[in-house]
Amino acid sequence: MSRQTKPLKVAVMGGTFDPVHYGHLVTAEAVRGEFGINHVLFVPSGRPPHKKLQQVSDAEHRYLMTVFATLTNPYFEVSRVDIDREGKSYTIDTLRALRQQYGDDTELYFITGADAIAEIMSWKSAEELLCLSEFVAATRPGYQLDARLEQWFAEHGKKLHTLQVPAMAISSTDIRNRVKAGKSIRYLVPEAVEHYIHKNRLYLDA
Ligand code: NAP
């Protein structure tokens, strides 16, 4: 009798991570539990397509902070796939590369913030994206998803998964503002990330 093996499930945690914080880590862990994910791949964006380069910290800083933040979780890994690719970091290129790396039998779940996914209809090769991965939108409490977005997924025979994550009350923008204002960021980011930010004098001119 042949034994049926379950497909590998990989969550792709896409974000600028400027900086990575506990909200992102809680989101990744919650998605892992909710969808039976085997491992979570954090993918810091190299050159976010919708942002001016000078608005975003150096990719190597963001990559290293993500590595430090995820070190203690055996299910978490960090990928350089976006950082090492030339040009803008379009999600379609990320997912094509990961689909090739993992093969067709692996189920991919792309996770990011609901505000970002709200724009997915305008992303490069939007319809192909839906063929490559499931999509999970992490929402902050009180966030109302645009009904047109769910309808767009439904029109393509897909479902947009949502997960409310109270810890996403923490935000990277707030952390950058706090650093600039000389306020504490302790307990908002892992200790190693806090030290990294101060040691490298990040966000002082944010
Ligand atoms: P963003 O505009 O900086 O963030 C939008 C919101 O989502 C913010 O509230 C952000 O909170 C939150 N967020 C970001 N990443 C998250 C994550 N992994 N889990 C939970 N919440 C998250 O968006 P971004 O970070 O630059 O982009 C998000 C992803 O979408 C990236 O992978 C990016 O490459 C992709 N994207 C692709 C295209 C395209 O292909 N055309 C266009 C835009 C975005 P924080 O600020 O606290 O993180």
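Our subject is the structure listed above.
Because the structure is predicted, anything quoted here is derived from the model rather than measured.

So, how was this worked out
Residues numbered from 1 in each chain as written. Predicted model: local features only at pLDDT ≥ 70, side-chain atom pairs only at ≥ 80, totals over all residues. Heavy atoms only, no water. Pairing = 2+ DSSP bridges. Helix = DSSP H or I, 4+ residues; strand = E, 2+ residues; numbered from the N terminus. Right-handed = clockwise from strand over helix to strand, strands pointing away. Axes fitted to C-alpha atoms, helices over the stretch in contact; angles between N-to-C directions. Contact = heavy atoms within 4.5 Å. Phe/Tyr/Trp six-rings, centres within 6.5 Å; stacked < 30°, edge-to-face > 60°. Lys NZ or Arg CZ within 6 Å of the ring centre and 35° of its normal. Parallel < 35°, antiparallel > 145°, perpendicular 65-115°, else oblique. Left-handed = near helix turned anticlockwise from the far one by under 90°. Nonpolar A, V, L, I, M, F, W, Y, C, P; charged D, E, K, R; others polar. Near = heavy atom within 4 Å. Polar contact = N/O pair within 3.5 Å; in protein donor to acceptor, adjacent residues only side chain to side chain. Areas by Shrake-Rupley, 256 points an atom, 1.4 Å probe, with all protein chains shown as cover. Core = buried A, V, L, I, M, F, W, Y, C linked by side-chain atoms within 4.5 Å. Buried < 20%, exposed > 50% of the residue type's maximum accessible area, 1.4 Å probe, protein only.

**Q** Pulling in residues and values, what's your account of the pairing of strand E6 (residues 160-164)?
**A** In terms of strand pairing, strand E5 (residues 134-139) meets E6 through 5 bridges, oriented parallel. Its bridge partner being in E6, valine 136 is matched across the sheet by histidine 161. Following the backbone out of E5, through helix H6 (residues 147-155) and into the adjacent parallel E6, one traces a crossover that is right-handed.

**Q** Tell me about the sheet that holds E5, residues and numbers included.
**A** Spatial ordering of the open sheet is given by E3-E2-E1-E4-E5-E6, a layout of 6 strands whose pairing is parallel. Each having just a single partner strand, strand E3 (76-78) and E6 make up the two edges of the open sheet. On average, adjacent strands in this sheet sit at an angle of 25° to one another, irrespective of strand direction. Here 5 bridges tie strand E1 (residues 9-15) to strand E4 (residues 107-113), and the two strands are oriented parallel to one another. Paired with methionine 13 across the two strands is isoleucine 111, which belongs to E4. Each of E1, strand E2 (39-44), E4 and E5 is contacted by helix H3 (residues 91-102), which is oriented at about 150° to E4, the strand it contacts most.

**Q** An account of the packing of aromatic side chains is needed here, citing residue identities and associated values.
**A** The way to describe two aromatic rings as a pair is by their centre distance and the angle between their planes. Here the structure, examined in full by the defined rule, presents 8 aromatic pairs. Aromatic pair phenylalanine 68 and tyrosine 196: ring centres 5.9 Å apart, planes at 50°, arrangement tilted. Of this pair, phenylalanine 68 sits in helix H2 (residues 59-70) while tyrosine 196 sits in helix H8 (residues 191-199), placing them 128 residues apart in sequence. Ring geometry for phenylalanine 110 and phenylalanine 135: centres 5.6 Å apart, planes at 55°, overall tilted. Here phenylalanine 110, found in strand E4, pairs with phenylalanine 135, found in strand E5; they are 25 residues apart in sequence, far enough to count as distant. Following the ring pairs from residue to residue traces out a cluster consisting of Phe110, Trp123, Phe135, Trp152 and Phe153. One residue, arginine 32, lies across the ring of tyrosine 75, its end atom 3.7 Å from the ring centre.

**Q** Which residues make up the packing of H2 against H8, and what values do they have?
**A** At a closest axis distance of 8 Å, the pairing of H2 and H8 adopts a crossing angle of 155°. Put simply, H2 runs roughly antiparallel to H8. Like other packed secondary-structure pairs, H2 and H8 cross with a definite hand, here right-handed. Taken together, the residues of H8 that come into contact with H2 (itself represented by Glu60, His61, Leu64, Met65, Phe68 and Ala69) are Ala192, Val193, Tyr196 and Ile197. In terms of residue class, the contact of H2 with H8 is built from 8 nonpolar, 1 polar and 1 charged.

**Q** Residue-level account of the site of the ligand, with values.
**A** In the neighbourhood of the ligand, 27 residues make up the surrounding shell, with Thr16, His21, His24, Lys51 and Arg140 lying closest. Note that an oxygen atom of the ligand is positioned 3.1 Å from one of the side-chain N or O atoms of histidine 50. At 2.6 Å, a side-chain N or O of arginine 140 approaches an oxygen atom of the ligand. Against a free-state accessible area of 860 Å², the protein chains account for coverage of 90% of the ligand. Mapped onto the shell around the ligand, the elements with two or more residues apiece are E1, E4 and helix H4 (114-117). Among the elements that take part in the shell around the ligand, E4 stands out by supplying 4 residues, more than any other. When grouped by side-chain class, the residues that make up the shell around the ligand number 10 nonpolar, 13 polar and 4 charged.

**Q** How would you explain the nonpolar core if you had to name every residue and give the values?
**A** Val40, Phe42, Met65 and Ile197 are the most contacted members of the largest nonpolar core, which totals 36 residues. Non-local contacts of isoleucine 197, meaning those with residues more than four positions away in its chain, are made with Pro19, Met65, Val179, Ile185, Leu202 and Tyr203. Within the second largest apolar cluster, 25 residues are counted, among which are Val10, Leu129, Leu130 and Leu145.

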